[in-house]
Structures are given as structure tokens and as C-alpha cells.
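What follows is each chain in one-letter form.
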Amino acid sequence: MKRRPQWTAAIAGAVIALLVAVPGTSGLPVGGVASAATTEESPYARGPAPTKATVEATLGSFRIATEKVPSGQGFGGGTIHYPTDTGQGTFGAIAIAPGFLETEAAVAWYGPRLASQGFVVITFSTTSTWDTPDVRSEQLLAALRYVTDKSQARSRVDPNRLAVMGHSMGGGGSLIAAQKAPTLKAAIPLTGWNPNTIFSDLKVPTFVVSAQNDFIAPDGAHSRPFYQSLPASLNKAYMLLAGAGHMVPTKPNVTIAKYSISWLKRFVDEDTRYDRFLCPLPANDPKIAAYQGTCPLT
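Below or above, wherever it landed, is the structure these notes cover.

Conventions we followed
- Residues numbered from 1 in each chain as written.
- Predicted model: local features only at pLDDT ≥ 70, side-chain atom pairs only at ≥ 80, totals over all residues.
- Heavy atoms only, no water.
- Helix = DSSP H or I, 4+ residues; strand = E, 2+ residues; numbered from the N terminus.
- Buried < 20%, exposed > 50% of the residue type's maximum accessible area, 1.4 Å probe, protein only.
- Contact = heavy atoms within 4.5 Å.
- Areas by Shrake-Rupley, 256 points an atom, 1.4 Å probe, with all protein chains shown as cover.
- Phe/Tyr/Trp six-rings, centres within 6.5 Å; stacked < 30°, edge-to-face > 60°.
- Expected span 1.5 Å × (residues − 1).
- Polar contact = N/O pair within 3.5 Å; in protein donor to acceptor, adjacent residues only side chain to side chain.
- Pairing = 2+ DSSP bridges.
- Axes fitted to C-alpha atoms, helices over the stretch in contact; angles between N-to-C directions.
- Left-handed = near helix turned anticlockwise from the far one by under 90°.
- Nonpolar A, V, L, I, M, F, W, Y, C, P; charged D, E, K, R; others polar.
- Disulfide = S-S within 2.5 Å.
- Salt bridge = Lys/Arg side-chain N within 4 Å of Asp/Glu carboxyl O.
- Core = buried A, V, L, I, M, F, W, Y, C linked by side-chain atoms within 4.5 Å.

1. With respect to the overall build of the chain
When helices and strands are counted, the chain shows 8 helices and 9 strands. Counting only residues that meet the buried cut, the chain has 53% of its 298 residues in that class. Within the chain, contacts between residues separated by at least 24 positions form 69% of all contacts whose residues are at least 6 apart in sequence. When the accessible area of the chain is evaluated, it comes to approximately 13,100 Å², of which 58% is carbon and sulfur surface.

This is the structure:
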């Protein structure tokens, strides 16, 4: 009789060890027992449980509709893609800005790609293709205001769950927008360009996407310093795409989409089901030359 507790403890220990050893078992993370944060489903979680196939797919599970936005709204006009589903509650919204001398066409592919994953997405042209990153930051925020206040999709948007993205100068603009609006839930600069590389006051979870062969916004002069300047306490990540150039974010790209979707789901929707694509840090992917980030995510 005295040995019974020892056998019970041994069996319990074996069960826990087995669960920890098998990725995805009962929602437990590899290497430890799940915390309350990983087992409780977010009230903002939208769509089915993600798989590698779903985050890499050209389109997600949501059917989407489109709204054209005229110029004169604080930016140069654009397009809103949004889920038609009205049964799962509201969705987070994302504004995406193009880079220097670019129009909306440079970032248009993100609209249906992200919206079909469960977001309201506005891609737009800037008022002038010469606009500075600071001006683009204002246009990103104006685009979000249009989505939440005036768009056909406004009833589907949660105004408290907003994010910004941008390419090149639009990426620099996304960082500045995050400085100006610290209540944003996520920022993603895509091969960003900005003369100021210090963002030590940022409070918005930030995913920096860079390119190894970028000669317009070289990694060592822009993206890497952006990331390195971010507070140590911030949820942040940095991905250097192998063999890629400055324009890589302007065409459909599975790697950019996969990690951007995961980042947005994790921080706009607080959906911890996507943690496994971000933590542990991605490794052994020939498309990624370097990846850094904070794990575990908080």
C-alpha cells in the first residue's frame, strides 16, 4: 500500500512526458505543459484551426467581398476586401501602404490573401507616389479610420483591433504609424525604408521582413537596425529572406504570407493557435537566411 503513490506519480509523469514529446497533443507546446494562455481560446479567434496548408494557401476559408474606395479620403483611393461571414462576430482591420513611386498595385495581392483568412483589409495608393514615410504613416491611419467609420464593411470591423503594414517607404510609414497610434495591435514593415532607424519607444508587436539582396533599403541600414532598436520587452520578430531583393513583397510570396498571417492572427485576434508557426523560431528553411524573435510570445 505504501508503494501506490509512487506508482501513481510514475504513471502521471509518464503521461505528461508523452504529451510533451508529441507536438500538438492536447494543445500542449513542445517542451512544456501548456499555460492557461495557450489553452484558452481567444474570443476573437476566427476560422478553423490552422495547419501548415491553410497558412500557406493562396486563399483562406472565408468568402470575401470587395469595395472600391475613391480618392479624397486622406489617401489616394484604394480597395477593401472583407469577409462576407456575419456569424462569427467582428474582424480586425489592416491597412497596407505601397512604397516610393508605387501605387496600390504593389500591395494589392495582400487584400484577398489576408481577408480570406478573416480580416478586413484596405490596400491603397498614396496621395503622391513621392510621399515620405511620415506622410504615409498618416495615410495608413486615415485608411483605418475610413474602414472603421465610413466603409460598407464598418459593421464587420472591431475598431479596437487594427494593424498596419507597408512596403519600402510604406514599411517605414507603418513603424511611424505604430509610434503615433500605440493602441494598434500589430505592425509589419516589408523591406522597410526610413531615414530614422530608432524605434525604441514602440509598444506595438512588430514583425520586420527584410531581404538579403536588398540594395534599395539594405538590411544592415534599415530592417536590422529597426528590429534591434525595438524594446527587449516587446513581442517582435525579424525575418531575412534568402536571396531576395527589395521588391519581393510586391508579388505573392508564400513565406511572407505565412508568417504575416500568423503574426496578425496572434496579435490582432489574440489567437494562440498560431503560436506554433512563430515559436519555436523557424529554422532550416532554405527560403529564410535568418530569423530572430521573442519566444514565448506574451
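2. Some remarks on the environment of Gly 76
Structurally, Gly 76 can be placed in the loop between strand S1 (64-69) and strand S2 (78-83). Taking the C-alpha atoms as reference points, Gly 76 and Phe 124, separated by 48 residues in sequence, lie 6.6 Å from one another. Each residue touching Gly 76, except ones within four places of it in the same chain, is listed here: Ser 71, Ser 125, Thr 126, Thr 127 and Gln 139.

3. Section: the packing of aromatic side chains
Counted under the stated rule, the structure contains 12 aromatic pairs. Between Phe 62 and Phe 91 the ring centres are 5.5 Å apart and the planes differ by 90°, which places this aromatic pair in the edge-to-face class. One end of the pair, Phe 62, is in the loop between helix H3 (52-56) and S1; the other, Phe 91, is in strand S3 (residues 91-97), with 29 residues separating them in the sequence. Put simply, the rings of Phe 207, Tyr 259, Trp 263, Phe 267 and Tyr 291 pair up and form one aromatic cluster.

4. Some details on helix H8 (residues 254-267)
Between its first and last C-alpha, H8 extends 20 Å over 14 residues, near the 20 Å set by a 1.5 Å rise per residue. Most of H8 is tucked away, with 13 of its 14 residues classed as buried. The N-terminus of H8 is capped by Asn 253, whose side-chain oxygen sits 3.0 Å from the backbone nitrogen of Thr 255.

5. Some remarks on the pairing of strand S4 (residues 119-124)
Of all 6 residues that make up S4, 6 are buried, and the element is covered over most of its length. Because side chains alternate across S4, one face comprises the buried residues Phe 119, Val 121 and Thr 123, and the other comprises Val 120, Ile 122 and Phe 124, equally buried. One ladder, built from 4 bridges, connects S2 with S4; its direction is antiparallel. Bridge pairing links Gly 78 to Phe 124 in S4. Here 5 bridges tie S3 to S4, and the two strands are oriented parallel to one another. Paired with Gly 92 across the strands is Phe 119, a residue of S4.

6. A word on the sheet that holds strand S8 (residues 236-241)
An order of S1-S2-S4-S3-S5-S6-S7-S8-S9 is seen for the 9 strands of this open sheet, with the pairing classed as mixed. Looking at the sheet topology across the chains shown, the edges are occupied by S1 and strand S9 (288-293). Direction aside, the axes of adjacent strands within the sheet are offset by 15° on average. Of the strands in this sheet, S3, strand S5 (157-167), strand S6 (186-190) and strand S7 (206-211) are in contact with helix H6 (residues 169-180), which crosses S5 at around 140°. Running over the sheet, H8 touches S3, S4, S5, S6, S7, S8 and S9 and is turned about 165° from S6.

7. A look at the packing of helix H5 (residues 133-149) against H6
Between H5 and H6, whose axes approach to 7 Å, the crossing angle comes to 65°. The two elements H5 and H6 cross, and the hand of that crossing is right-handed. Listed contacts from H6 to Pro 133, Asp 134, Arg 136, Ser 137, Glu 138, Leu 140 and Leu 141 of H5 are Met 169, Gly 170, Gly 172, Gly 173, Ser 174, Ile 176, Ala 177 and Lys 180. Here the contact of H5 with H6 is composed, by residue class, of 6 nonpolar, 5 polar and 4 charged.

8. A look at the state of the cysteines
One pass over the full model with this rule turns up 1 disulfide. The disulfide that involves Cys 279 links it to Cys 295, with 2.0 Å between the sulfurs. Across the S-S bond linking Cys 279 and Cys 295, the dihedral sits near -95°, which makes this disulfide left-handed. Of this pair, Cys 279 sits in the loop between H8 and S9 while Cys 295 sits in the segment after S9, and the two are 16 residues apart along the sequence. Among the residues examined, Cys 279 registers a relative accessible area of 18% and is labelled buried. Note on Cys 295: relative accessible area 36%, which makes it partly exposed.

9. Some details on the pattern of salt bridges
Evaluated as defined, the whole model comprises 10 salt bridges. Between Lys 265 and Asp 269 there is a salt bridge, with the nearest N and O atoms lying 3.6 Å from each other. Taken individually, Lys 265 and Asp 269 each receive the classification buried, so the pair is uniform in this respect. Through salt bridges with shared partners, a single network forms among Asp 158, Arg 161, Lys 265 and Asp 269.

10. What about the nonpolar core?
Ranked by internal contacts, the top residues of the largest apolar core, which has 40 residues, are Phe 75, Ile 80, Val 120, Ile 122 and Leu 184. Only S2, S3, S4, H5, S5, H6, helix H7 (223-229) and S8 provide two or more residues apiece to this core. The dominant element in this core, judged by the number of residues it contributes, is H5, at 7 residues. If near-sequence neighbours (up to four positions away) are discounted, Val 120 is found in contact with Ile 80, His 81, Tyr 82, Pro 83, Phe 91, Gly 92, Ala 93, Ile 94, Val 147, Ala 153, Arg 156 and Val 157. Counting 38 residues, the second largest nonpolar core, distinct from the first, contains Ala 186, Ala 237, Met 239 and Val 248.

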